[in-house]
Each structure stands twice: as structure tokens, then as C-alpha cells.
2 protein chains.
Amino acid sequence: MSQTLVYGDAISTYVRSVRLALEEKGVAHTLVAVDLVKGQHLEEAHLARHPWGKMPAFEHDGHSIYEAAAIMRYIDEVFPGPALMPATPVGRSRVNQVMGIVESYGYPASITHIFIPRVLVPALGGQTDEAEIEAAKPRAALFLKEIGRLLGEANYFGGATVSLADLHVLPVVTYLRATPEGLALLAAAPSIEAWLGRMNERSSVHAVMPPS
Amino acid sequence: MSQTLVYGDAISTYVRSVRLALEEKGVAHTLVAVDLVKGQHLEEAHLARHPWGKMPAFEHDGHSIYEAAAIMRYIDEVFPGPALMPATPVGRSRVNQVMGIVESYGYPASITHIFIPRVLVPALGGQTDEAEIEAAKPRAALFLKEIGRLLGEANYFGGATVSLADLHVLPVVTYLRATPEGLALLAAAPSIEAWLGRMNERSSVHAVMPPS
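No experiment lies behind these values; they were computed from the predicted model shown.

A.B. asks: Could you clarify how one ought to interpret the relation of the copies chain B and chain A in this entry?
C.D. replies: A rotation about some axis, followed by a shift along it, carries one copy of the chain onto the other. When chain B is fitted to chain A, the residual RMSD is 0.0 Å, and the transformation amounts to a turn of 180 degrees plus an axial shift of 0.0 Å. Look at the turn and shift together and you get a two-fold axis relating the two. A share of 100% of interface residues in chain B that are also interface residues in chain A marks the association as one of identical surfaces.

Take a look at the structure:
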């Protein structure tokens, strides 16, 4: 069997989304550590795989890709196991829209402008920019409102079953919820809280996102 | 037949990509004007369709979506006409990766930090931030290098035929090329220049992107 390699740091949300997709498909993989805090994503070895210095990069069967969503779609298509995309065009469009919302709006608001300044910056000895967090709160609230609207009455963004969108949202909302601001925003988003509860029971989540 | 509506400004790159997809599929559509320069994308009527105040928004058969890539995938799936995604998982992964590269890196470098300050800002009476453009040039160069690498020897990002990636890249590279900086960068990217020449012969491009 050919090796499946994920290059990245286990704490990265996009590394987590890709590894969750592999776990949901039941695919064994090797995580090749690229330490974010040490800045290894900006070293030559990683830039050769991902010239933008982001993560993850991915290799399977001699095929190299980067960009998390492209990797996740590839994983869903080439490996056996449960389909991670809905069966209808309208269902797939919801999944695709949610994935786009995570990348364009959800990640910047929740991670770049709330989780990182609130948790990561002080952990590394820096000073939180409170104005940055304050400015991001309405966008994080809109993110939760929009994914709540698109989830609707369904159990998962894929409908009755888990989809790539669920795996794209989960690491972002989990980090958002680890901040006091995110916790307050999620208290006002009960359908997303309930969805989080369902997701956190999954063995894929236990494998990839152990409680810290 | 149900109406197909695109809400946006004809000059927006993402509106152009969605309309190119409709043209390539041979689908008649109505462009509902949302004037960027007048700020109509931030008015209540548009925010009801797209709460992030971006464009385009899309409606077909009672189904509303936003996020350009999600709309384009939906268009490819529900309408007859030529397939705009390759037939193999590896081929699709290239298209998906290129679409991700446009959104994560190509658009910000080429449009946000070169085209807008060089062309749009002075056209509206403002002052170009030269340092902003200078800082973006290496990233625009890397964008052209990476899409050139992924294009390889093929005629299109889809391989032998046009794909959603071609339609996602084209409006961005066209605007980049309308700046002196972009023109110089493209002179160093002959395979992308040749691809541009092929794309600009298409009737879809004549319909959606008339030379200004």
C-alpha cells in the first residue's frame, strides 16, 4: 500500500480538517511534523512542498497537493469508506458554500483575530490586541449565524451524515469556543452547540483533536 | 424554465468567473446589477442575499447560494453542456488546488494589493500606495509561477478542456495584466501568456469580459 503523508502541525485547524477526513474514511496516515511555533513552515524543506508557507501539504501515491479543501476532496474521492459529500447537487452546494464561508470569513474572524491574539500570543509571551478581538466579534457572530442557517434542522452540514464541511468547520469552532468571547457567542448559537456535541462523540475527533 | 440570476457588478472578478461558467454551459442568465463603486453591495437589499457584503450572489430554481466557487460547482453539476471538471480524481485535485490558490493567494496579491491601488484607487481620485504594490509583487510572481507549474504542458487547467479553474484564474490574471507590474510579471510567465491567448479566443470570454 502506498504511503499517505500529511505535513503539518497537529494544532493547525486545516491540518486537523485533513486528518479528520482521513480518519472518517478509515485511512491510516503519517503526520510529518512541521512545527508552527518553531517556524518550520517557513523553512526550505516545507516551502518546497508548499511555497506559500502554509499547511498542510499532502502526498499520496506520488501525487502532491496543498490547499486543505483540495486535499479533502481528493481524499473523499480516492479512498473507500463513507462518502463525505452529499448525493444531490443542492446538498453539495451547501457543503461547498460552508467550506467557502470557513475559508473566506470564519477562519479569519475566529482564528486570526480572536483565538490567536487571545490564546496563542500571550502563551508565547506577547500582548493581546484587545481592539483586534473586539472588531472581530461581530464577524465571528455572523459566521455562527450563517453556518447555523445553513445547518438548519439537519444533524450535519452534509444532511443526515457527516460531510467535508463538518470537518472543515469543527477545528475552527472548537478553537473559537476555547476563548471567552467564543464561548459567549456559542451560547447564543444553540444549534451549533448541539452539532458540536454530536461531532465530539466521533472517534475521528478523539483521534485527531484530543482535549488539551 | 426557471430563471437564473447573478447578483453583482460586471467588473467583479468573481462575478465574471460565475458568468463565464454559465456561458461555457450555454445557460442564459440575468445579471442583476449591484454597483460596487456606489457601494450597493453593502446596502440592505444585497446583504439579505450575501450578509458578508461580497459578490456574486446566485439564484436558480428557488435555490440561493453565495461564494463563487460553490456557485460554479453547482452550475457545472446541474446544467447540461460540457463538463467543467476533469474526469479523474488527480485531474480534479489540480483544478481544486488552482481554485484554492486563486482565492487564498492569487486574488489578494493581484487584485487587492496591485490592481486596486494601481488602477481603481486613482480612478476614484485616491492616491496609490506604492509600498503596498511593491510588497505584493513577489506574491503575484509566485502565483503565476505556481499556476504555471500546475498547468504544466496542458492547454488548460482542466487538461485538454476548459475547467472551473480556468474560469476562476482568468479574470484575476486579466486585471493583473492591466497593470504595468502585472505586464512585466506575465512577460516572465510565457506558458500563462499562451494560456491567456487561448482563453481570450473563447466566445464565453467575449460575452462576459469585453475589452475595456
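Past the structure itself, the notes keep going.
A.B. asks: Even after reading the chapter, I still don't get the side chain of His29 of chain A, so can you show me in this structure?
C.D. replies: All names here are of chain A. Considering the arrangement of structural elements, one finds His29 in the loop between α1 (13-25) and β2 (30-33). Accessibility expressed as a relative area gives 17% for His29, which makes it buried. Of the polar contacts made by the side chain of His29, one reaches the side chain of Arg19; its length is 2.9 Å. What His29 contacts, discounting residues up to four positions off in sequence, is Thr4, Val6, Arg19, Leu22 and Glu23.

A.B. asks: What should I look at first to understand the pattern of salt bridges in this one?
C.D. replies: Two side chains carrying opposite charge are able to pair once their charged atoms lie near each other. All names here are of chain B. Applying the stated rule across the entire model yields 16 salt bridges over all chains. A salt bridge links Arg149 to Glu146, with the nearest nitrogen and oxygen atoms 2.8 Å apart. Here Arg149 and its partner Glu146 are both found in helix α5 (residues 130-151), three residues apart, which amounts to about one turn of the helix. Looking at Arg149, the relative accessible area reads 46%, which means it is partly exposed.

A.B. asks: What's the story with the interface of chain B and chain A in this structure? I'm lost.
C.D. replies: Note on interface size: it is often stated as the accessible area lost on association of the parts. Between chain B and chain A, the contact holds 30 residues from the first and 30 residues from the second. Of the roughly 2,800 Å² buried between chain B and chain A on both sides combined, carbon and sulfur atoms contribute 60%. For chain B, the biggest contributors to the area lost against chain A are Trp52, Glu67 and Tyr105 of chain B; these three give 25% of the whole. Where chain B meets chain A, there are two salt bridges. Between Arg92 of chain A and Glu77 of chain B there is a salt bridge; the shortest N-O distance is 2.7 Å. On inspection of chain B and its partner chain A, the count reaches 12 residue pairs in polar contact (both at pLDDT 80 or more). Of all the secondary-structure elements, those providing two or more residues to the side of chain B that touches chain A are β4 (63-66), α3 (68-78), α4 (89-123) and α5 of chain B.

A.B. asks: Just checking my understanding: could you explain the pairing of strand β1 (residues 4-8) of chain A for this structure?
C.D. replies: Side-chain direction in a regular strand flips from residue to residue, so the side chains alternate between the two faces of the sheet. Residue and element names in this part refer to chain A. Counting buried positions over the five residues of β1 gives five, a clear majority of the element. Taking every second residue as pointing to the same face, both faces of β1 are buried, with Thr4, Val6 and Gly8 on one and Leu5 and Tyr7 on the other. Taken together, the four bridges between β1 and strand β3 (residues 57-60) define a ladder with antiparallel strand orientation. Paired with Tyr7 across the two strands is Ala57, which belongs to β3. When β1 meets β2, the two strands line up parallel, connected through four bridges. Looking at the pairing, Gly8 lines up with Ala33 of β2. Taken together, β1, α1 and β2 constitute a β-α-β crossover, and its handedness is right-handed.

A.B. asks: It is not clear to me how the sheet that holds strand β4 (residues 63-66) of chain A should be interpreted in this structure. Could you clarify?
C.D. replies: Pairing between sheet strands relies on hydrogen bonds along the backbone, with the strands arranged either parallel or antiparallel. Residue and element names in this part refer to chain A. Ordered by their spatial adjacency, four strands build an open sheet running β2-β1-β3-β4, and the pairing between neighbours is mixed. Among the strands making up the open sheet, the edge pair consists of β2 and β4. Along the sheet, successive strands turn relative to each other by an average axial angle of 20 degrees, direction set aside. Contacts from helix α3 (residues 68-78) reach β3 and β4 within the one sheet, and its direction differs from that of β4 by about 135 degrees.

A.B. asks: Quick question: what am I supposed to make of the confidence of the model for chain A here?
C.D. replies: The predicted structure's coordinates, where accompanied by low pLDDT, should not be read in detail. Residue-level pLDDT values for chain A average 97, and 99% of them are 70 or greater. With a pTM of 0.97, the predicted complex shows an ipTM of 0.96.

Calculation criteria
Residues numbered from 1 in each chain as written. Chains lettered and ligands numbered in written order. Predicted model: local features only at pLDDT ≥ 70, side-chain atom pairs only at ≥ 80, totals over all residues. Heavy atoms only, no water. Least-squares fit on C-alpha atoms with pLDDT ≥ 70 in both. Contact = heavy atoms within 4.5 Å. Helix = DSSP H or I, 4+ residues; strand = E, 2+ residues; numbered from the N terminus. Buried < 20%, exposed > 50% of the residue type's maximum accessible area, 1.4 Å probe, protein only. Polar contact = N/O pair within 3.5 Å; in protein donor to acceptor, adjacent residues only side chain to side chain. Salt bridge = Lys/Arg side-chain N within 4 Å of Asp/Glu carboxyl O. Buried area = accessible area lost by both parts, 1.4 Å probe. Pairing = 2+ DSSP bridges. Right-handed = clockwise from strand over helix to strand, strands pointing away. Axes fitted to C-alpha atoms, helices over the stretch in contact; angles between N-to-C directions. pLDDT = per-residue confidence, 0-100.

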